[in-house]
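Residues per chain are reported as follows:
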Amino acid sequence: MATIDLIVLGILKKEPMSAYDIQKLVEYRNISKWVKISTPSIYKKAIQLEEKGLIRGEIVKEGKMPEKAIYSLTEAGEAEFERLMFEISGKPINIFLDFNAVIVNLDSLPPEKQKSCIAEIEENISTLKSYLEHNIQKKENEPSIPATGMAVLRQQYVLVEAIQAWIASLKKNIG
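Rules behind the numbers
Residues numbered from 1 in each chain as written. Predicted model: local features only at pLDDT ≥ 70, side-chain atom pairs only at ≥ 80, totals over all residues. Heavy atoms only, no water. Buried < 20%, exposed > 50% of the residue type's maximum accessible area, 1.4 Å probe, protein only. Helix = DSSP H or I, 4+ residues; strand = E, 2+ residues; numbered from the N terminus. Arc of directions from axis to C-beta. Contact = heavy atoms within 4.5 Å. Axes fitted to C-alpha atoms, helices over the stretch in contact; angles between N-to-C directions. Parallel < 35°, antiparallel > 145°, perpendicular 65-115°, else oblique. Left-handed = near helix turned anticlockwise from the far one by under 90°. Domains from an automatic or database assignment. Buried area = accessible area lost by both parts, 1.4 Å probe. Salt bridge = Lys/Arg side-chain N within 4 Å of Asp/Glu carboxyl O. Polar contact = N/O pair within 3.5 Å; in protein donor to acceptor, adjacent residues only side chain to side chain.

This part covers helix α2 (residues 19-28). Structural remark: α-helix, 3.6 residues per turn; residues separated by three or four positions point the same way. Along α2, the residues that are buried comprise Ala19, Ile22, Gln23 and Val26. Each buried residue of α2 sits inside an arc of 100° when the element is viewed along its axis, so together they form one side. Where α2 is buried, its residues meet α1 (2-14), α3 (40-51) and β2 (68-73).

Structure (structure tokens):
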């Protein structure tokens, strides 16, 4: 949950916005691809952070549009943002890959089915790599994309390449 808090507080640190706009930004930046965060949880999180006094919602009405709350950081929110930055950056790194549950159980399948499972994982990694390549090409010359966002995209690409190399060696060993 601290990760979601940090994402929301970090977005609001840059500029005040509605929960809907935060959700759209999370979707646009594909944050849910590299941090466990669901876009529906943004609304719930905004309410929780406001209840904790970390953000403040101001109801505004623009023209004929319905009223909406525009959230901004409070002083306590600024302090919590910094605290979370250091807490999360100081934690040990864990890389959870759901497909490892398949890998540790491969030997319980006959060889042909093992190969099928590995082929599925390999295909999904290739799909992710294509998605990342497309996203990097689309965004690398876009001035509105922060360098830190591009750094995360490139990190994900490097990890995908490493997983592809690992799968190749796994296929040789399982053969």
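Next comes the rest of the description.
The subject of this paragraph is the packing of helix α6 (residues 111-139) against helix α7 (residues 147-174). One can describe the packing of α6 onto α7 by two numbers: an axis separation of 10 Å at closest approach and a directional angle of 155°. Classified by the angle between their axes, α6 and α7 sit roughly antiparallel to one another. The crossing of α6 and α7 is left-handed.

With that settled, the discussion passes to the environment of Glu133. Tracing the chain through its elements places Glu133 in helix α6. Considered as a pair, Glu133 and Arg154 are 21 residues apart in the sequence and their alpha carbons are 9.0 Å apart.

Another aspect to go through is the domain arrangement of the protein. Taken domain by domain, the protein comprises domain 1 (1-88) and domain 2 (96-172). Computed from C-alpha coordinates alone, the two centres of domain 1 and domain 2 are separated by 29 Å. Taken together, the contact pairs five residues of domain 1 with seven residues of domain 2. Across the domain 1 to domain 2 interface the summed buried area is about 600 Å²; carbon plus sulfur atoms make up 58%. On inspection of domain 1 and its partner domain 2, the count reaches zero salt bridges. At the boundary of domain 1 and domain 2, one finds zero residue pairs in polar contact (both at pLDDT 80 or more).

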